[in-house]
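Residue-level structure breakdown
Here's the letter readout for the chains.
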Amino acid sequence: MKYTQLGRTGLKVSRLVLGTMNFGPQTNEADSHAIMDAALDSGLNFYDTANVYGWGENKGRTEEIIGTWFAQGGGRRDKVVLATKVYGSMSREGDTWPNEDRLSALNIRRAVEASLKRLRTDHIDLYQFHHVDRRTPFEEIWQAVDVLIQQGKILYAGSSNFPGYKIAQANEAAARRGMVGLVSEQCLYNLSERRAEMEVIPAAQEYGLGVIPWSPLHGGLLGGVIKKEVQGGRRASGRSADALAVTSVRAQIQAYEDLLDKHGLEPGETALAWLLTRPGVTGPIVGPRTVEQLESALRAVELELGEEVLAGLDEVFPGPGPSPEAFAW
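Residues numbered from 1 in each chain as written. Predicted model: local features only at pLDDT ≥ 70, side-chain atom pairs only at ≥ 80, totals over all residues. Heavy atoms only, no water.

Points about the environment of E100
As for its placement among the helices and strands, E100 is situated in the loop between strand 5 (81-86) and helix 4 (105-119). Setting aside chain neighbours within four positions, we find E100 in contact with G88, S89, M90, S91, D95 and N107. One polar contact links E100 to S91, side chain to side chain, over a distance of 2.3 Å. (Helix = DSSP H or I, 4+ residues; strand = E, 2+ residues; numbered from the N terminus. Contact = heavy atoms within 4.5 Å. Polar contact = N/O pair within 3.5 Å; in protein donor to acceptor, adjacent residues only side chain to side chain.)

Now the structure itself:
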């Protein structure tokens, strides 16, 4: 495994991030534990979750699964850089109460305590704001975070799904308080979806945030979906199926798969390896449902993409260009 610093911090994290969103809804507890053990054995030390994972009536279930894994001991908690998130409502259907979502100081305090209990740990290494809260000023958010840092319950703060200007606002507000501010941004970024290159990634680089791309395979679209259909394997579903129904998108994905077939490369591994070449990227989030899927993702860390391949990928998936030139002169 290869490691890098998380943004401008001294924290060393693996170039792949283990996403746990499938733990509970799609992967049972025993298999989830096996995946986490295999990840740790490979040297992958950066695990990402969120308080709402488990979804529906099972919100919090994913954190509980991670907590029971930590409870097995063997240095599991000490070896892991643990990241979770706050923002989404934790209310159950029919039992909705105010202040159980967003980023008020009250909800942040309650959410941290609940996550710590489910995760069976005394601290969270990276506490991320899952979305922008347009109702709560950053001064209030940072006041709550400052207290939690002083209490030793969280160590770093990060954002997720923030536009560039909100990253700037957040860190300027933190600087006025003499705080470190955001150290990471978790955003949608992959070969097919490169809009983050216009504003989000430049802002993250300017303020020293590590970029953590989510959905690196764009819902499976970049994982060889057409090839799998032709070979009689798993057919596209959900977002991938909807995208492939658009003629221009299908042609683009076919060109992508043809390019990689020419160079003897696997689509999913290439999509991850491409992200590892991008400026500012700490590591993409991989969300394996099985140990075999994890092993495939791990191979991407060692995959070196040649200039011809990189140029071909840019031709198939041209980026938006820098801001403001992408939309101005």
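Observations regarding the pairing of strand 5
Most of strand 5 sits out of view: six of its six residues are buried. Where burial is concerned, the two faces of strand 5 agree: the one with V81, A83 and K85 and the one with L82, T84 and V86 are both buried. Two strands pair when backbone bridges link them, and strand 4 (residues 46-48) and strand 5 are joined in this way by three bridges, in the parallel orientation. Paired with F46 across the two strands is V81, which belongs to strand 5. When strand 5 meets strand 6 (residues 124-129), the two strands line up parallel, connected through four bridges. Its bridge partner being in strand 6, V86 is matched across the sheet by F129. Running through helix 4, the crossover from strand 5 to the neighbouring parallel element strand 6 is right-handed. (Buried < 20%, exposed > 50% of the residue type's maximum accessible area, 1.4 Å probe, protein only. Pairing = 2+ DSSP bridges. Right-handed = clockwise from strand over helix to strand, strands pointing away.)

As for helix 10 (residues 247-262)
Since there are 3.6 residues in each turn of an α-helix, residues three or four apart along the chain are aligned in direction. Over its 16 residues, helix 10 extends 22 Å from the first C-alpha to the last, a length consistent with the 22 Å expected when each residue adds 1.5 Å. For helix 10, the complete set of buried residues consists of I253, Y256, E257, L259 and L260. Taken around the axis of helix 10, the buried residues stretch over an arc of 155°, which confines them to a single face. Away from the buried face of helix 10 by more than 90 degrees, exposed residues T247, S248, D261 and K262 are located. Along its buried surface, helix 10 packs onto helix 8 (225-230), helix 9 (238-244), helix 11 (267-276) and helix 13 (307-316). G264 lies just past helix 10 and shows a positive phi near 70°. (Expected span 1.5 Å × (residues − 1). Arc of directions from axis to C-beta.)

Keep in mind these values describe shape, not function.
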